[in-house]
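Observations on chain architecture
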Amino acid sequence: MPPKNSNAQVATEEDVSAPQNITDGGNYVENLYFGVELNCVPDLVTQLEEYRREFDFITVPLAHPRNERDMSEGAIVEEEPFARSDMLLSSGQWGSLIIGKISPWIDLDSKDVYNRKNSERVLLQELSWASHLNLPALILPTPTHNSTNYAQVVNRKLQGLMYMNLWMRVPLMSTWQMLHDDETQITFGDNHRATQDPWEHWNTFRTLCEHSDKLCVALELTENVPHERVISRWLGEPVRAVIIPTRIFTTNKSGFPVLSKAHQRVLQMFFKYKIQYILSGPARHKNSFVPYRQYVQFLYSKSPQPTYDESFMTPYLDYLQAPLQPLMDNLESQTYETFERDATKYQLYEDAVFECLTDMKNGGKLEGRTHIVLMVVGAGRGPLVKASLRASVRAGCPLKVYAVEKNPNAIITLKNLRISMNWGDQVTIVDSDMRVWNAPELADVLVSELLGSFGDNELSPECLDGAQRFLKGEPDVWFVRLTQDIEGGISIPASYTSYLAPISSSKLWNEVRAYKEMKHYETPYVVKMHNFYQLGESQECFTFVHPNRDEYIDNQRYINLSFRATQSATVHGLAGYFNSLLYGSVYMSINPANHSPGMFSWFPLYFPLRDPMYVAKDDVITVHMWRNNNRVKVWYEWSIVSPQVSPIHNVGGRSYWIGL
């Protein structure tokens, strides 16, 4: 159901004195999905009707908060029902407009046996009733550092849940954390701080519940706000709602509720995720909760709007895709079309070819010749051919182009382009696999776009090592621009390096687990990562240089990397990126540290772990990565050996490999 619209007046930022008229549905993509938390609901139908005018749902207790009923063995069975009738609302209303809340007084880890057992029965009764109502979600009380029995009872119920999700209420900071600054905390030691950290409580609870994808987080904002890196850790967690207490608002000069700059930044971090927002606590302004909602909606309207490219990528967010097998399979027209939409990539290639041709022209390479010979290996539907021809015009350097492509369907497109774009004899279309083609002449320049998300994972090294026989001989000294004649041929790209980093992403890990087969934990997936947290800066992994003039070419690799955890977190796998030197000063990268702006042809590669791994702050995470091959395939193996040891994944390429 779409969020509510309103044309009422709303306050702006805390430093703006006068309110402005802000209309929902203005200069932003969509409205937020908003609800209100109610603690006492004497007439559910009336209050639902009242709040539905401005909100999308309400959150209500399943039983009266003070109804601490006795459900112990031998207790007198109450004749009065503990909850309101399910007939008050239709099943559709229960299933879309109501979020339930478990009684807050239960204590399943009480040392008092009676209290513990009674709490267990109450929790199971309310969980059963919520399932009967077909509620979309149910908010659970906040866990503590010792909630093992609580988790056992919840986990037992999670095994049978089909539709309903359980939202664990977790504060952004504990009371203890808000009372002690960082310097004071040092005196307590790491272990004590961990027992006071709400994230640690949540992590222990969800680990006991086997990382169930039905167990999520309702993150409650607190009066104090931690460091941004602490908040960022939650971006890798299954946060389904942000609870915004009215007590954290202040009132501006015009009488409107506003948030501090720190709280605004927290909300801005979560606005890009499709989650619910719940207002909680007493309304301290006229018009009840409406001014609070309008203010948060106003903050959202000020968020940076997604670009065209970002909107294009939205369907791919956190969507697992198997990497391409370019040598085994022929790409379809739709796949080519998607790649060709990336204008940034082909502009970089054009700039690289332009620099190369300019250097050759200035270096006297054209003397006594009518043209430079350029070969595009893996020409596809011709985008690199077109980019190279544009670069030729810019550089004033004539080209003779060979477009080599093994896909017979793409060859049809190339032949049509040759006619429609009047390429004539300037472009020779070669219907052949580059590995078996015998070139009629040697090339000055070899251009390719065989890179994968991890640089070498679509067999660019193997392909270009075979294709470099098309290039002119090796220079006496590797290419130094404008200081000598260019005797040898040039490869574009000239080199590429893969990068790795440990990540936390409950979303991605559960997507892999949903396949219910071990092989999927040993398969790297291409994915536009969204709901994730990277534990440290990515580090260089494997590098390949072209042309490769080694006497014996070996494309097997092995490396171990060490990362220091900036925060306690759960590692769900590794993120793989690449950075490539195309030529001269032109680089192309999907590494977050220097990502090429606007480029979207490659999403990162996700290497899952079989079992999530807890790491404490300042732990050293040691990663081992192998690139192996034999006569018929190439594959990766990976493992983490500290602070805990994981199995080596994908041994011998048993689950995933790239065919040669």
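Scoring rules and cut-offs
- Residues numbered from 1 in each chain as written.
- Predicted model: local features only at pLDDT ≥ 70, side-chain atom pairs only at ≥ 80, totals over all residues.
- Heavy atoms only, no water.
- Domains from an automatic or database assignment.
- Helix = DSSP H or I, 4+ residues; strand = E, 2+ residues; numbered from the N terminus.
- Buried < 20%, exposed > 50% of the residue type's maximum accessible area, 1.4 Å probe, protein only.
- Contact = heavy atoms within 4.5 Å.
- Salt bridge = Lys/Arg side-chain N within 4 Å of Asp/Glu carboxyl O.
- UniProt positions renumbered as here; feature names shortened; annotations may be inferred.
- 1 Å grid on protein atoms, 1.4 Å probe; cavity = no way out; pocket = protein on both sides within 12 Å on 5 of 7 lines; lining within 4 Å.
- Axes fitted to C-alpha atoms, helices over the stretch in contact; angles between N-to-C directions.
- Parallel < 35°, antiparallel > 145°, perpendicular 65-115°, else oblique.
- Left-handed = near helix turned anticlockwise from the far one by under 90°.
- Nonpolar A, V, L, I, M, F, W, Y, C, P; charged D, E, K, R; others polar.
- Pairing = 2+ DSSP bridges.
- Points joined across faces, edges and corners; volume = space filled by probe spheres on them.
- pLDDT = per-residue confidence, 0-100.

1. A look at the domain arrangement of the protein
When the parts of a complex come together, some accessible area is lost, and that lost area is often used as the size of the interface. According to the domain assignment, the protein contains domain 1 (9-13 + 31-249 + 261-283), domain 2 (333-449) and domain 3 (495-659). Once you take the C-alpha centre of each, domain 1 and domain 2 turn out to be 59 Å apart.

2. What about the side chain of Asn510?
Looking at where Asn510 falls in the secondary structure, it is placed in helix α18 (residues 506-513). Given a relative accessible area of 9%, Asn510 falls into the buried group. When residues no more than four places from it in sequence are discounted, the contact partners of Asn510 are His211, Ser212 and Asp213.

3. Notes on the pattern of salt bridges
All told, the structure shown has 25 salt bridges when counted by the stated rule. Residue Arg169 pairs with Glu220 through a salt bridge whose shortest N-O separation is 3.1 Å. Taken together, the positions of Arg169 in strand β7 (residues 165-171) and Glu220 in strand β8 (residues 215-220) put the pair 51 residues apart, joining distant regions of the chain. Accessibility expressed as a relative area gives 14% for Arg169, which makes it buried. Glu220 sits in the buried class, given a relative accessible area of 12%. When salt bridges that share partners are traced, they join Glu37, Lys101, Arg169 and Glu220 into one network.

4. Some details on the UniProt feature "binding site: S-adenosyl-L-methionine" (unreviewed entry) in the protein
Here, UniProt's "binding site: S-adenosyl-L-methionine" (unreviewed entry) annotation points to Tyr336, Lys345, Tyr346, Glu405, Asp433 and Met434. Across 99 residues in sequence, these annotated residues place their C-alpha atoms as far as 24.0 Å from one another, rather than forming a single compact spot. From this annotated list, the subset lining the second largest pocket comprises Tyr336, Lys345, Tyr346, Glu405, Asp433 and Met434. Position of Tyr336 among the secondary structure elements: in helix α13 (residues 333-340). Residues within four places of Tyr336 in sequence aside, it is in contact with Leu331, Gly380, Arg381, Glu405, Asn407 and Ala410. Of note, Met434 is situated in the loop between β15 (427-431) and β16 (445-447). According to the relative accessible area criterion, Met434 is buried, its value standing at 9%. With residues near it in sequence (within four places) discarded, Met434 still touches Val377, Gly378, Val404, Leu450, Cys463, Ala467, Arg469 and Phe470.

5. A look at the packing of helix α10 (residues 261-270) against helix α11 (residues 290-301)
Two elements in contact, α10 and α11, have axes whose closest approach is 10 Å; the angle formed by their N-to-C orientations is 65°. By the criterion of interaxial angle, the relationship of α10 to α11 is roughly perpendicular. Crossing hand, α10 versus α11: right-handed. Between α10 and α11, the residues in contact are Gln264, Leu267 and Gln268 and Tyr295, Val296 and Leu299, respectively. Looking at the contact of α10 with α11 residue by residue, the classes come out as 4 nonpolar, 2 polar and no charged.

6. So, the pairing of strand β27 (residues 633-642)
With 9 of its 10 residues buried, β27 lies for the most part within the structure. Relative to β27, strand β26 (residues 620-629) is paired through 8 bridges, and the arrangement is antiparallel. Bridging from a neighbouring strand, Val623 pairs with Ile640 of β27. Once β26 ends, the chain turns through 3 residues before running back antiparallel as β27.

7. Notes on unusual backbone geometry
Pro547 follows His546 through a cis peptide bond whose omega is -5°. With respect to the helices and strands, the residue Pro547 is situated in the loop between β21 (539-545) and β22 (557-564). Residue Pro643 is reached from Ser642 by a cis peptide bond, and omega for that bond is 10°. By the secondary structure assignment, Pro643 is in the loop between β27 and β28 (658-659). At Glu210, a position not held by glycine, the phi torsion is positive, near 65°. Within the secondary structure, Glu210 sits in the loop between α8 (198-208) and β8. Overall, Glu210 belongs to the partly exposed group, its relative accessible area being 45%. Even without being a glycine, Leu459 presents a positive backbone phi close to 70°.

8. Focus on empty space enclosed by the protein
The final tally for this structure, using the stated rule, is 3 cavities of 30 Å³ or more. Taken as a whole, the second largest cavity spans an internal volume of roughly 40 Å³. Around the second largest cavity, the lining residues are Trp202, Arg206, His211, Ser212, Leu215, Pro238, Ser506 and Asn510. Among the secondary structure elements, those contributing two or more residues to the lining of the second largest cavity are α8 and α18. Looking at the lining of the second largest cavity residue by residue, the class counts come to 3 nonpolar, 4 polar and 1 charged.

9. What about the sheet that holds strand β17 (residues 490-492)?
Pairing within the open sheet is parallel, and its 5 strands lie in the order β15-β14-β13-β16-β17. Every interior strand has two partners, whereas the edge strands, β15 and β17, have only one. Direction aside, neighbouring strands of the sheet carry axes that sit 20° apart on average. Pairing of β16 with β17 involves 3 bridges; the strand directions are parallel. By the bridge assignment for β17, Leu446 is matched with Ser491. In the packing of helix α15 (residues 383-395) onto the sheet, the strands contacted are β13 (372-377), β14 (399-405), β15 and β16, and the crossing angle to β14 comes to about 170°.

10. Quick notes on the sheet that holds strand β4 (residues 57-61)
The strands making up a sheet are joined through hydrogen bonds of the backbone, oriented either antiparallel or parallel. Strand order in the closed barrel formed by 8 strands is β3-β4-β5-β6-β7-β8-β9-β12, with parallel pairing between adjacent strands. Sheet twist, expressed as the mean angle between neighbouring strand axes with direction ignored, is 30°. As defined by bridge partners, β4 adjoins strand β5 (residues 98-101) across 4 bridges and the pair is classed as parallel. Within the sheet, the bridge partner assigned to Val60 lies in β5 and is Gly100. Seen against the sheet, helix α1 (residues 44-51) touches β3 (33-37), β4 and β5 and runs at an angle of roughly 150° to β4. Here helix α4 (residues 148-158) sits on the sheet in contact with β6 (137-140), β7 and β8, set at roughly 155° to β7.

11. Looking at the confidence of the model for the protein
Taken residue by residue, the protein gives an average pLDDT of 89. The fraction at 70 or more is 90%. Segment residues 1-29 is flagged for pLDDT under 50; beyond a separation of four residues in sequence, or across chains, it makes 86 contacts in the model. Confidence drops under a pLDDT of 50 for residues 183-188, and excluding neighbours within four residues, the segment shows 7 contacts in the predicted structure.

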